[in-house]
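# Examination of the molecular architecture
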Amino acid sequence: MTASLLRLYPPPTEAVALEGLYLNAPLVPSDLQARLFVYANFVMSLDGRIAIAQPPGRQVVPSTTANPHDWRLFQELAGHADVLVSSGRYLRDWAAGQAQDSLPVGSASAFADIHRWRRRQGKAGQPDVVFLSEDLDFPAPRRLLQEGRTVRIFTGDAPPRERFAALTAEGLIVERFAGNGRIDGKEIVARLTALGYRRAYCVAGPQVLHTLVSAGCLNTLFLTTVHRLLGGEGFATIMEGALLGAPADYRLRSLYYDTHTPDGVGQMLARYDRH
Ligand SMILES: NC(=O)c1ccc[n+]([C@@H]2O[C@H](COP(=O)([O-])OP(=O)(O)OC[C@H]3O[C@@H](n4cnc5c(N)ncnc54)[C@H](OP(=O)(O)O)[C@@H]3O)[C@@H](O)[C@H]2O)c1
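Now for a description of the structure that goes with this document. Being a predicted model, the structure only gives us computed values, none of them experimental.

## Quick notes on helix H1 (residues 68-79)
The end-to-end C-alpha distance of H1, which contains twelve residues, comes to 16 Å, matching closely the 16 Å that a straight helix rising 1.5 Å per residue would cover. H1 sits mainly inside the fold: ten of its twelve residues count as buried. Inspection of H1 places His 69, Asp 70, Arg 72, Leu 73, Phe 74, Gln 75, Glu 76, Leu 77, Ala 78 and Gly 79 among the buried residues, and these make up the whole buried set. On its buried side, H1 packs onto strand E3 (37-45), helix H3 (112-120), strand E10 (199-202), strand E11 (220-226), strand E12 (250-258) and strand E13 (267-274). With a side-chain oxygen positioned 3.1 Å from the backbone nitrogen of His 69, the residue opening H1 is Asn 67.

Listed below in structure tokens is the structure:
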């Protein structure tokens, strides 16, 4: 894939290559190097859709916004990660054979440079994975375990002991957090830090993003906006949960214009850093 983009911000405006855009750019500002850095990435339509309904009762990333250019950058961001943060919903989709990906970095030859880059950085072949779940209502992701990945589940006090024991017996590391419901973002970040992680990539959806943002824990948001309107009712946008007590402010760090994705529509690739 040899696509070129137009850098709109910061100046000067100039053509740049897609490949390496997020892999080679510094992810973490110099003053934050020593701490856990948390980042997320979404692709959405002009009307803010990140997922649409797919019966029975599922939501999926629409094929009208998913595209190879954004996917390449998704993989590059995974290249930086020590740990991916995903959700119980992902594991239910995985068990049903309907997960969008196999939790990167992808094995396709197009991503071989990302694997080489990880090796040069002294990173593990693949990032570890943490799944957040209130209910533990999914089977153990055996393939991830067979691949030798370290897989943790963070949950609260609500799930029954038997569920906890069954997943632990399969080789998962299940960690309970205080409280019956949702885990607080600050506790998640404190635990990831204690485990020694420095780069956590949130690949889950709107509720996990809300968990992180409402706790003041999201450093950077990468947002791809595909120049299409989808319409529809009640579909997910990037963040869902209670109105924040105060807005979380981010400043634009970079903006690229991808004039045409392979299916001929434009998109903006933005990076926002927390104030
Ligand atoms: N377009 C994009 O870029 C993009 C990116 C990501 C996701 N998506 C789409 O968005 C849709 C929703 O994705 P998602 O379900 O992963 O998103 P989510 O809304 O972030 O995750 C929901 C699930 O995560 C668990 N969870 C969330 N916050 C938690 C907390 N604080 N403590 C404990 N558990 C917590 C719960 O799992 P349990 O139900 O197991 O308790 C909850 O049901 C999917 O269709 C996905 O494909 C789109």
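## Here's the deal with the packing of aromatic side chains
Ring pairs (aromatic) are described by centroid distance and by the angle formed between their planes. This structure, assessed with the given rule, holds nine aromatic pairs. Between Tyr 39 and Phe 222, the aromatic rings sit 6.3 Å apart at their centres with planes inclined by 75°, giving edge-to-face as the arrangement. With Tyr 39 in strand E3 and Phe 222 in strand E11, this pair connects stretches of sequence that are 183 residues apart. Both residues of the pair, Tyr 39 and Phe 222, count as buried. Look at Phe 74 and Tyr 201: their rings are 5.6 Å apart centre to centre, the planes differ by 50°, and that puts the pair in the tilted class. Separated by 127 residues along the polypeptide, Phe 74 in helix H1 and Tyr 201 in strand E10 bring together distant segments of the chain. Cluster of aromatic residues (ring-pair linked, three or more members): Tyr 22, Phe 37, Tyr 39, Trp 71, Phe 74, Tyr 201 and Phe 222.

## Remarks on the pattern of salt bridges
Oppositely charged side chains may form a pair once their charged atoms are brought near each other. Under the counting rule described, the total for this entry stands at 15 salt bridges. A salt bridge links Glu 76 to Arg 72, with the nearest nitrogen and oxygen atoms 2.7 Å apart. Note that Glu 76 and Arg 72 are positioned in helix H1 at a spacing of four residues, about one turn of the helix. Pair check on accessibility: Glu 76 and Arg 72 agree, each one buried. A salt bridge links Asp 82 to Lys 123; the shortest N-O distance between them is 3.0 Å. Of this pair, Asp 82 sits in the loop between H1 and strand E6 (83-87) while Lys 123 sits in the loop between H3 and strand E7 (128-132), placing them 41 residues apart in sequence.

## Section: the site of the ligand
Among the 24 residues in the neighbourhood of the ligand, the closest are listed as Gln 59, Ser 87, Arg 92, Ser 133 and Glu 134. The contact in question runs from an oxygen atom of the ligand to an N or O atom on the backbone of Val 43, over 2.9 Å. In this structure, an oxygen atom belonging to the ligand sits 3.0 Å away from a main-chain N or O atom of Gly 205. With the chains in place, 91% of the 910 Å² that the ligand exposes on its own is no longer accessible. If you list the elements that add at least two residues to the shell around the ligand, you get E3, strand E5 (58-60), helix H2 (88-95) and helix H7 (206-214). Sorting elements by how many residues they give to the shell around the ligand places H7 first, with four residues.

## A word on the pairing of strand E9 (residues 173-176)
Walk down a regular strand and you will see the side chains alternate between the two sheet faces. Pairing analysis gives four bridges linking strand E8 (residues 151-155) to E9, with the strands arranged parallel. Bridge pairing links Phe 154 to Glu 175 in E9.

## Observations concerning the packing of H1 against H3
As a packed pair, H1 and H3 sit with axes 9 Å apart at the nearest point and diverge in direction by 15°. Here H1 lies roughly parallel to H3, going by the angle between them. Viewed along their axes, H1 and H3 form a crossing whose handedness is right-handed. Contact with H1, carried on its side by Arg 72, Gln 75, Glu 76, Ala 78 and Gly 79, involves Asp 113, Ile 114, Trp 117 and Arg 118 of H3 and no other residues of that element. A per-class count over the contact of H1 with H3 returns three nonpolar, two polar and four charged.

## Focus on H7
Because the α-helix completes a turn every 3.6 residues, residues three or four places apart line up on one side. Within H7, seven of the nine residues are buried, leaving the element largely enclosed by the surrounding structure. The complete set of buried residues in H7 reads Pro 206, Val 208, Leu 209, His 210, Thr 211, Leu 212 and Val 213. Structurally, H7 contributes buried residues whose contacts are with E3, E6, E7, helix H6 (185-194), E10 and E12. One or two steps after H7, the chain reaches Gly 216, where phi turns positive at roughly 70°.

Definitions and limits used
Residues numbered from 1 in each chain as written. Predicted model: local features only at pLDDT ≥ 70, side-chain atom pairs only at ≥ 80, totals over all residues. Heavy atoms only, no water. Helix = DSSP H or I, 4+ residues; strand = E, 2+ residues; numbered from the N terminus. Expected span 1.5 Å × (residues − 1). Buried < 20%, exposed > 50% of the residue type's maximum accessible area, 1.4 Å probe, protein only. Contact = heavy atoms within 4.5 Å. Polar contact = N/O pair within 3.5 Å; in protein donor to acceptor, adjacent residues only side chain to side chain. Phe/Tyr/Trp six-rings, centres within 6.5 Å; stacked < 30°, edge-to-face > 60°. Salt bridge = Lys/Arg side-chain N within 4 Å of Asp/Glu carboxyl O. Near = heavy atom within 4 Å. Areas by Shrake-Rupley, 256 points an atom, 1.4 Å probe, with all protein chains shown as cover. Pairing = 2+ DSSP bridges. Axes fitted to C-alpha atoms, helices over the stretch in contact; angles between N-to-C directions. Parallel < 35°, antiparallel > 145°, perpendicular 65-115°, else oblique. Left-handed = near helix turned anticlockwise from the far one by under 90°. Nonpolar A, V, L, I, M, F, W, Y, C, P; charged D, E, K, R; others polar.

Purely spatial values, then, with no claim about function.
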